[in-house]
Amino acid sequence: MSFRRGRRLGLDIGSVRIGVASSDPGGILATPLTVVRRSDEPAALRQLRDIVDEYEPIELLVGDPKSLDGAARAAATSALEFARRIAKATGTSVRLVDERFSTVEAHHALAAAGKSSRQRREIVDAQAAVIILQNALEYEHNTGVPAGREMPDEENDE
């Protein structure tokens, strides 16, 4: 299998904010787009649907929150449920990809770029989405296989 051409969106779904990143159609580079506030979920879903309508991605790559040993964390259930709502609202397929260390990496990258802790707080989720998306793109380029796993059916949660 070879790399599938097309833009992708990366999402880092947190309890407060959702970081959003986009790739170019060739899947070379992930860049931050925005941070969506999750406090008003219907508004967040509308905003995400608008982003999907604008960028027309072939898929959404959503961070799959797991602990270091690979077990699902408490946040995983909430993120998975919201990812399902995003898939339904946008009509776009979702793949779950490992997000371990993405927020830590994002903080380090932003600190190295000279951002203060206050500045980092507002953009770290979008930077984490970039890391999730970039890792997924590199995996598919290197293996020819899409990164992560398809989102499980509600009855078959993992």
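Now for a quick tour of the structure. All values reported here derive from a predicted model rather than from experimental measurement. (Residues numbered from 1 in each chain as written. Predicted model: local features only at pLDDT ≥ 70, side-chain atom pairs only at ≥ 80, totals over all residues. Heavy atoms only, no water.)

Before going further, it helps to examine the overall build of the protein chain. Secondary structure assignment for the protein chain yields four helices and six strands. Start at the N end of the protein chain and walk to the C end: the helices and strands fall as β-β-β-α-β-α-β-α-α-β. By residue count, 46% of the 158 residues in the protein chain fall in the buried class. For the protein chain, long-range pairs separated by at least 24 residues make up 67% of all intrachain contacts whose partners lie at least 6 apart in sequence. Per element, the accessible surface of the protein chain, about 8200 Å² overall, is 49% carbon and sulfur. (Helix = DSSP H or I, 4+ residues; strand = E, 2+ residues; numbered from the N terminus. Buried < 20%, exposed > 50% of the residue type's maximum accessible area, 1.4 Å probe, protein only. Contact = heavy atoms within 4.5 Å. Areas by Shrake-Rupley, 256 points an atom, 1.4 Å probe, with all protein chains shown as cover.)

Let us now look at the nonpolar core. Ranked by internal contacts, the top residues of the largest apolar core, which has 22 residues, are Leu11, Ile13 and Leu48. Looking at this core, the elements that each hand over two or more residues are strand 1 (8–13), strand 2 (17–23), helix 1 (41–55), strand 4 (59–64), helix 2 (74–90) and strand 5 (94–98). Setting aside residues no more than four positions away along its own chain, leucine 48 makes contact with Leu11, Ile18, Val20, Val36, Phe82, Ile86 and Thr90. Core analysis: the next-biggest nonpolar cluster, separate from the first, contains twelve residues, Ala21, Val130, Ala136 and Leu137 among them. (Core = buried A, V, L, I, M, F, W, Y, C linked by side-chain atoms within 4.5 Å.)

For the rest of this paragraph, the subject is the pairing of strand 2. Consecutive side chains along a regular strand alternate between the two faces of the sheet. When you tally the buried positions in strand 2, you get seven out of seven residues, the bulk of the element. Alternating residues of strand 2 divide into Arg17, Gly19, Ala21 and Ser23 and Ile18, Val20 and Ser22, and every residue in both groups is buried. Judged from the five bridges that link them, strand 1 and strand 2 form a sheet pairing that is antiparallel. Across the sheet, residue leucine 9 finds its bridge partner in strand 2, namely serine 22. (Pairing = 2+ DSSP bridges.)

Attention now moves to the environment of isoleucine 131. Within the secondary structure, isoleucine 131 is located in helix 4 (residues 117–143). For isoleucine 131, a relative accessible area of 11% corresponds to the buried category.

This part takes up the pattern of salt bridges. Overall, the coordinates contain eight salt bridges when judged by the stated rule. In this structure, arginine 8 engages glutamate 59 in a salt bridge whose closest nitrogen and oxygen atoms are separated by 3.4 Å. Of this pair, arginine 8 sits in strand 1 while glutamate 59 sits in strand 4, and the two are 51 residues apart along the sequence. With respect to class, arginine 8 is no different from glutamate 59; both count as buried. One salt-bridge network, held together by shared partners, links Arg4, Arg8, Glu59 and Glu140. (Salt bridge = Lys/Arg side-chain N within 4 Å of Asp/Glu carboxyl O.)

Summed over all chains, the structure comprises zero aromatic pairs. Note that arginine 38 overlies the ring of phenylalanine 82, its terminal NZ or CZ placed 4.3 Å from the centroid. (Phe/Tyr/Trp six-rings, centres within 6.5 Å; stacked < 30°, edge-to-face > 60°. Lys NZ or Arg CZ within 6 Å of the ring centre and 35° of its normal.)

Strand order in the open sheet formed by six strands is 3-2-1-4-5-6, with mixed pairing between adjacent strands. Lying at the two open borders of the sheet, with one neighbouring strand each, are strand 3 (30–37) and strand 6 (149–150). Pairing between strand 2 and strand 3: seven bridges, direction antiparallel. Among the inter-strand pairings, valine 20 is bridged to a residue of strand 3, identified as threonine 34. Helix-sheet contacts for helix 1 involve strand 1, strand 2, strand 3 and strand 4, and the interaxial angle to strand 3 is about 155°. (Axes fitted to C-alpha atoms, helices over the stretch in contact; angles between N-to-C directions.)

For the rest of this paragraph, the subject is helix 1. In a regular helix each residue adds 1.5 Å, so 15 residues correspond to 21 Å; helix 1 covers 21 Å between its end C-alpha atoms and thus fits that length. Every buried residue of helix 1 is listed here: Ala44, Leu45, Leu48, Ile51 and Val52. Along helix 1, the residues classed as buried sweep out an arc of 120° about the axis, all on the same side. Glutamate 56 sits one or two positions beyond helix 1 and adopts a positive phi of about 50°. (Expected span 1.5 Å × (residues − 1). Arc of directions from axis to C-beta.)

What follows concerns unusual backbone geometry. One non-glycine residue, glutamate 56, lies in positive phi territory at about 50°. Examined against the element boundaries, glutamate 56 turns out to sit in the loop between helix 1 and strand 4.

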